[in-house]
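Observations on the model geometry
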Amino acid sequence: MMELGVDGNTGYYIDNIEKSFRDGIILINLMELLSGKSVGRYNRNPRVPSQKYENNQIALDFIQAQGIKLVNIGSPDITDGRVNLILGMLWMLIQNYHINIMDAEDKATTAKNELLKWVQSQIPSYNITGFKKDWNDSRALCALIDSIQPGIFPDHKNIDPSVALEFTSLAMDLAQRFWGIPLVVEPNEMVDPRVDEMSVITYISYYRTAAKDPNRKPIPSWKKEPEPEPEPVPVPVPEPVKEPEPVPEPVKEPEPVVPEPVKEPEVVPEPVKEPEPEPIKEPEPEPVKEPEPEPVVVVKEPEPEPEPEPEPEPVFVDYAALSAAHGQGLITGVAYEKALFTVILPPERGLSNLQVKATFDSDSSISPEISVSPSEDQPDWYSGYYIPTVHGDWKVHILVDGQHIPGSPFSASILQEESLGGEGKIRIFYTTTTCGRKVNRPLQTLLEKKNVHLRDDFEPWIAVDVMDREDREAVFRKAGTRVLPIVYINDKYVGDYDKLVALEKSGELNVILSYNFPEGVIDPSLLAPTEPEAPAAEPVVEDPSTPDVPDVPDLPDIPVPTVDNAVDKTKKKKKRMSLGRISSLLREADSTEQPPLSSSSPSSSSSSSSSSSSEGKKERKKRRSSSSASSSKSRRSSKTPTDDKPTSPRGSPSPLAASSSSSSSSSSEGNGTADTNGKPEEDERSGRSTEREEPKKAKRSSSLSRLKGMLIKKVNS
């Protein structure tokens, strides 16, 4: 998934390679962003396959015009969603516009080798030889970041491979937040030995771009320094108390010595026991109580106040630059309908940090309804919409922490009604099912009478069966019906067959079809075509070199065998008249009564033609039956030994001979010159009359064969 646009976004979003490039819009905008040039005119609202093919072909032609060689890919491949070919085309664009920044002198070095040399110069101690396994343990990536900004990963060589995923995620997150390097690959893919090499090449190439950027933001230290232990509070230590000197015991004075008295002789009386005197206990000296030390008051001298340590500067993270937005509502929309969009925020920011505002270019006082709410499907995604009340150009402002996100403000073109991309075109949408064929033909006939199919703005009929579901629903939604066929003129719904018939009867159809002509002027070709006049008959110029041919008797005025009717009949049935049919028509013509060649007059010919034309179908049937009966009779008579008439090789009379004999007999009857004495029969038996008749029969047969050729030539033409 990726966003596409200037500095990250213009409202387009690629989440599916197969479907995102079908209509050619994204590919055209991508080429305009990469090259900084305009592609030119293209279909901005493609709905039918032909428009999508045309857009992709415009993009491919532009790519080749930039000197980029594409192999084995065409516009149908992109429209039909062939992922492998599309990825190959995108890789060629990445190579030419992002990776391939070589010196003009070194043409032989490929983009991969050039990038590899740069990596080796940045971290030579790792001996990088490729873009797959060398980047799996996270040490090379952390070393590359530390080479661009020293101090970020000073201990990159001591990273334990068991925590490679954690350090890879940390390194890629820091590069994205502060250097704006997109996550072309995920961290879990980066540590996989089967990682896609082209994706790694593309990702590492962003670090080369960041290293050469003088405005690169510094990455703050990601390590948390240990907090200093609090200094112990000084406890006042009392001064040592001097013990009192021991008091010497008082010296006992010696008791005075009393001299013993002189003993007189004692009368020894009986001894009287006197009570023994109790021993005198000397008083124990009272213990001398040591004097309690007086509390020592420690007076601290005021210490100088320590200077306040400078607070660390707060690390500023541009969360607006890490946000993105996409959706059709940021590109186009329809008045009074919801224009949808989606905003993606960093995890540290939420709905309270997001501000959305939509303004109309011509009148900033117009404030549409706007709603934004968290998405239920994905975290950190927010779905929103606004309802424009006026068609025209709108601006959509999306801010995070008061800062515009990439691409903001977005320019959206709001239409008065939904567009199918058929402006200036006549379109008919139909279905290829069996039930649809019954109603397609009458509509086609009606439009052909108006010569619509000959106009430059007419597009071939479009089958809804081959359209994408979204585009097909748009056709039905705009028409307000699902009844096919549907006619659109200048991207306006006109109706179905019944509606067009009603418009034709009222004369409004011609006005609708004249949408691209000045007001009040109708194209004459839109009117019902008149029947073309029959071309004048060309005068027949006789060729003097042609030998004289005896006049051929006029054929009877029978509607079937006439040349004009025969030609009309062949046109209707779309087949040629067979030679057998022409010969039968000639036999029927010869079997009718004709005036003699020598004594024919205009009056007689006219009378015969009028009489023949007045005959009805019954008379023609009788003639056909009589001719068939006579032919069968002649076949039977040819088998008798007494018949001397000329026969065909198979023993049956020749059609031309039969027709000539019947015509001669009829002409003789018409002239009233038949011999009642039976002399012709005797001449025939003798053979003398046969010799006289042969030249006449030859001439007659040649004239009939020539007439037959003329008829065949006209019928075939």
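Bear in mind the structure is a predicted one, so any value in this text is a computation, not a measurement. Counting restarts for each chain: residues are numbered from 1 in the order of the written sequence. In keeping with the predicted nature of the model, local features appear solely for residues at pLDDT of at least 70, side-chain atom pairs appear and are counted solely at 80 or more, and the whole-chain, interface and lining totals rest on all residues. Neither water nor hydrogens contribute to the side-chain values; these are computed over all heavy atoms in the structure.

**Re the overall build of the protein**
Put simply, DSSP H or I for four residues or longer makes a helix, DSSP E for two residues or longer makes a strand, and each gets a number counted from the N terminus. Counting its regular elements, the protein contains 21 helices and 15 strands. For the protein, the residues scored as buried account for 32% of the 717 residues in total. A separation threshold of at least 6 residues defines the contact pool for the protein, and within that pool the share at least 24 residues apart is 63%. Here the protein has roughly 48800 Å² of accessible surface; of this, 53% comes from carbon and sulfur atoms. Burial status follows relative accessibility: with a 1.4 Å probe on protein chains alone, a residue under 20% of its type maximum counts as buried, one over 50% as exposed, and anything between as partly exposed. Any two residues whose heavy atoms approach within 4.5 Å at even a single point are treated as in contact. The method behind every accessible area is Shrake-Rupley, applied with a 1.4 Å probe, and residues are considered shielded solely by the protein chains displayed.

**Some points on unusual backbone geometry**
Trans is the common state for peptide bonds, and a negative phi is the common state for residues other than glycine. Looking along the chain, the bond that leaves Ser408 and enters Pro409 is cis, with omega of 0 degrees. Residue placement: Pro409 occurs in the loop between β10 (403–404) and β11 (410–415). At the junction of Leu484 and Pro485, the peptide bond is cis and its omega measures out at 0 degrees in the coordinates. Assignment of secondary structure puts Pro485 in the loop between α12 (469–479) and β14 (486–489). Here Asn451, not a glycine, exhibits a phi torsion of approximately 60 degrees, which is positive. Secondary-structure assignment places Asn451 in the loop between α11 (434–449) and β13 (462–463).

**Quick word on the sheet that holds strand β7 (residues 369–374)**
Here we have four strands laid out as an open sheet, ordered β3-β5-β8-β7, and antiparallel in their pairing. Each edge of the open sheet is held by one strand with a lone partner, namely β3 (324–326) and β7. Sheet twist, expressed as the average angle between the axes of neighbouring strands with direction ignored, equals 20 degrees. Strands were regarded as paired on the criterion that DSSP finds at least two bridges between them. To get an axis, a line is fitted to the C-alpha atoms, and for a helix only the part in contact is used. The angle between two axes follows their N-to-C directions and goes from 0 to 180 degrees.

**Describing the pattern of salt bridges**
A side chain with one charge can pair with a side chain of the opposite charge if their charged atoms come near. The rule for a salt bridge is simple: a side-chain nitrogen of Lys or Arg has to be within 4 Å of a carboxyl oxygen of Asp or Glu. Across all of its chains, the model carries 21 salt bridges by this definition. One salt bridge connects Glu504 with Lys450, and the closest N-O pair in it is separated by 3.3 Å. Remark: Lys450 occurs in the loop between α11 and β13 and Glu504 occurs in helix α13 (residues 497–506); sequence separation between them is 54 residues. Since its relative accessible area comes to 29%, Glu504 is described here as partly exposed. Several salt bridges converge on common partners, so that one network encompasses Arg22, Arg47, Lys52, Glu418, Asp468, Asp471 and Arg477.

**Focus: the packing of helix α5 (residues 83–99) against helix α10 (residues 197–211)**
Relative orientation of the contacting elements α5 and α10 amounts to 15 degrees, with a least axis distance of 11 Å. Relative to α10, α5 is oriented roughly parallel. When you trace α5 past α10, the crossing you get is left-handed. In this structure, α5 uses Trp91, Ile94, His98 and Ile99 to contact α10, whose residues at the interface are Met198, Ile201, Thr202, Ser205, Tyr206, Arg208 and Thr209. Ten residue types, Ala, Val, Leu, Ile, Met, Phe, Trp, Tyr, Cys and Pro, are classed as nonpolar, four, Asp, Glu, Lys and Arg, as charged, and the remainder, Gly among them, as polar. Here the residues of the contact of α5 with α10 sort into six nonpolar, four polar and one charged. The scheme is simple: roughly parallel for angles under 35 degrees, roughly antiparallel for over 145, roughly perpendicular for 65 to 115, oblique for anything else. It is the rotation of the near helix from the far one that decides the hand of a crossing: anticlockwise by less than a right angle makes it left-handed, clockwise makes it right-handed.

**Regarding the sheet that holds strand β12 (residues 426–430)**
The four strands are arranged β13-β12-β14-β15 in an open sheet whose pairing can be described as mixed. Looking at which strands have only one partner, the edges of the open sheet turn out to be β13 and β15 (492–495). In the sheet, β12 pairs with β14 via four bridges, with the strands oriented antiparallel. Pairing of Ile426 across the sheet is with Ile489, part of β14. Relative to β14, α12 is tilted by about 80 degrees, and along the sheet it contacts β12, β14 and β15. Across the face of the sheet, α13 comes into contact with β14 and β15 while running at roughly 85 degrees to β15.

**Topic: α12**
If you check which residues of α12 are buried, you get Asp471, Arg472, Ala474, Val475, Phe476, Lys478 and Ala479. Buried residues in α12 make contact with α3 (49–65), β12, β14 and β15. Gly480 occupies a position one or two residues after α12 and carries a positive phi of about 75 degrees.

**Considering the pairing of β12**
With four of five residues buried, β12 lies mostly within the body of the structure. Relative to β13, β12 runs parallel, the two being bridged by two bridges. By the bridge assignment, Phe429 is partnered in β13 with Ile462.

**Re the environment of Phe458**
Examined against the element boundaries, Phe458 turns out to sit in the loop between α11 and β13. Among the residues examined, Phe458 registers a relative accessible area of 18% and is labelled buried. Considering only alpha carbons, one finds Phe458 and Ile426, 32 residues apart in sequence, at a separation of 4.8 Å. Contact partners of Phe458, with chain neighbours within four places excluded, come to Ile426, Ile428, Val452 and His453.

**Some remarks on the packing of aromatic side chains**
In this analysis, rings of Phe, Tyr and Trp, with Trp reduced to its six-membered ring, are considered paired at centre separations within 6.5 Å, and the interplanar angle assigns stacked below 30 degrees, edge-to-face beyond 60, and tilted for intermediate values. Taken as a whole and assessed by the stated rule, the structure comprises ten aromatic pairs. For the ring pair Trp179 and Tyr207, a centre distance of 6.4 Å and an interplane angle of 80 degrees mean the geometry is edge-to-face. Note that Trp179 is positioned in helix α8 (residues 164–179) and Tyr207 in helix α10, a separation of 28 residues in sequence. Each member of the pair, Trp179 together with Tyr207, is buried. Centroid distance Phe360 to Trp394: 5.3 Å. Interplanar angle 45 degrees. Geometry classified as tilted. Residue Phe360 is found in strand β6 (residues 354–360), and its partner Trp394 is found in strand β9 (residues 392–400); the two are separated by 34 residues along the sequence. Across the pair, exposure class does not vary: Phe360 and Trp394 are buried alike. Here the aromatic residues Phe341, Phe360, Tyr386 and Trp394 are joined through ring pairs into a cluster of three or more.

**Details of the confidence of the model for the protein**
Across the protein, the average pLDDT comes to 74, with 57% of residues at 70 or higher. Per residue, pLDDT measures the predictor's confidence, with a range of 0 to 100. Between residues 1–8, whose pLDDT stays under 50, and residues either more than four places distant or in other chains, the model counts 24 contacts. Scored below 50 in pLDDT, residues 102–108 shows five contacts in the model against residues more than four places distant or in partner chains.

**Some points on the pairing of β9**
As defined by bridge partners, β6 adjoins β9 across seven bridges and the pair is classed as antiparallel. The partner of Val356 across the bridge, within β9, is Ile398. Across five bridges, β9 lies against β11 in antiparallel orientation. Within β11, the residue paired with Gly392 across the bridge is Ile414. The pairing of β9 with β10 spans two bridges and is antiparallel. Within β10, the position partnered with Leu399 by the bridge is His404. Taking the residues between adjacent antiparallel strands as the criterion, β9 and β10 are bridged by two residues, where Asp401 takes a positive phi near 55 degrees.

**Some remarks on the side chain of Arg427**
Position of Arg427 among the secondary structure elements: in strand β12. A polar side-chain atom of Arg427 sits 3.4 Å from a polar atom in the side chain of Gln51. Polar contact is the term for a pair of N or O atoms within 3.5 Å; when the atoms are in protein, one must be able to donate a hydrogen and the other to accept it, and sequence-neighboring residues count only if both atoms are side-chain atoms.

**Overview of the packing of helix α6 (residues 111–122) against α10**
Between α6 and α10, whose axes approach to 10 Å, the crossing angle comes to 55 degrees. One element, α6, and the other, α10, form an angle in the oblique class. Taken as a pair, α6 and α10 cross one another with a handedness that is left-handed. Contacts from Lys112, Glu114, Leu115, Trp118 and Val119 of α6 reach α10 at Glu197, Ile201, Ile204, Ser205, Tyr207, Arg208 and Ala211. Among the residues forming the contact of α6 with α10, the class breakdown is seven nonpolar, one polar and four charged.

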